[in-house]
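So you can see what is in the structure, the chains are spelled out below.
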Amino acid sequence: MNSETGSGLTIDFAVDGRACTERIAPRTVLLDLLRDRYGMTGVKASCERGVCGACTTLIDGTPTASCSVFAFSVDGRTVETVAGQAVDGELSPVQRAFAECGGFQCGYCTPGMIMLTTALLREDPEPDDETIRSWISSNICRCTGYQMIIDSVRRAAELIAAEPARDTEDAR
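Residues numbered from 1 in each chain as written. Predicted model: local features only at pLDDT ≥ 70, side-chain atom pairs only at ≥ 80, totals over all residues. Heavy atoms only, no water.

### Regarding helix H5 (residues 147-162)
Here comes step 1: Compared with the 22 Å implied by 1.5 Å per residue over 16 residues, the 23 Å span of H5 between its first and last C-alpha is a close match.
Here comes step 2: Within the sequence span of H5, burial applies to Ile149, Ile150, Ser152, Val153, Ala156, Ala157 and Leu159.
Here comes step 3: In this structure, the buried side of H5 is in contact with helix H2 (93-101), helix H3 (110-123) and helix H4 (129-136). (Helix = DSSP H or I, 4+ residues; strand = E, 2+ residues; numbered from the N terminus. Expected span 1.5 Å × (residues − 1). Buried < 20%, exposed > 50% of the residue type's maximum accessible area, 1.4 Å probe, protein only. Contact = heavy atoms within 4.5 Å.)

### Observations regarding unusual backbone geometry
Here comes step 1: Residues other than glycine seldom take positive phi values, yet Asp16 does so here, at roughly 50 degrees.
Here comes step 2: Its place among the elements puts Asp16 in the loop between strand S2 (8-15) and strand S3 (18-24).
Here comes step 3: The class for Asp16 is partly exposed, based on a relative accessible area of 25%.
Here comes step 4: The phi dihedral of Asp60 is positive, around 50 degrees, even though this residue is not glycine.
Here comes step 5: Classification of Asp60 by relative accessible area gives partly exposed; the value is 43%.

### As for the nonpolar core
Here comes step 1: Phe13, Leu30, Leu33 and Val79 are the most contacted members of the largest nonpolar core, which has 22 residues in total.
Here comes step 2: Elements with a contribution of two residues or more to this core: S2, S3 and helix H1 (30-38).
Here comes step 3: Considering every element that reaches this core, the biggest residue donor is H1, with five residues.
Here comes step 4: Contacts of Leu30, omitting those with residues within four sequence positions, involve Thr57, Ile59, Ser66, Val69, Phe70, Ala71, Val74 and Val79.
Here comes step 5: Within the second largest apolar cluster, 21 residues are counted, among which are Val82, Met115, Leu121 and Ile132. (Core = buried A, V, L, I, M, F, W, Y, C linked by side-chain atoms within 4.5 Å.)

Encoded structure:
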């Protein structure tokens, strides 16, 4: 942590590729920081107990319920949200797959599902249905019955596999 004075802490972190410095109260949770200071309403506030998955973000690539971690814990770390998945107005393959396969109905769980899928496919580019079910089980969906979400994850894997390989120089 950069500094602690009085009732506030100063933290440095990156969110969706953007360097950020914030002064926060020690009790601030990451969900509130993202929604209230950055307007990132795609990070959904639902159970606020870390069990529904609607607020899932990736912290250093790991799926994390942003309602259950203090914001100071991201000091020096990288946070990814659903808002950062699209690049230059182009949906990510995961977002395109969810739209194409109807992997949402009301859409409330969709941001968390997209973040889980992103992390899953980075770790396992060709997951079987059992693996997909295991990964998405931490996010509650009350609308789709999950089959369209599973179809969306499979389609996202296909779209990612079909993308041209990126030169490591271009990725930097």
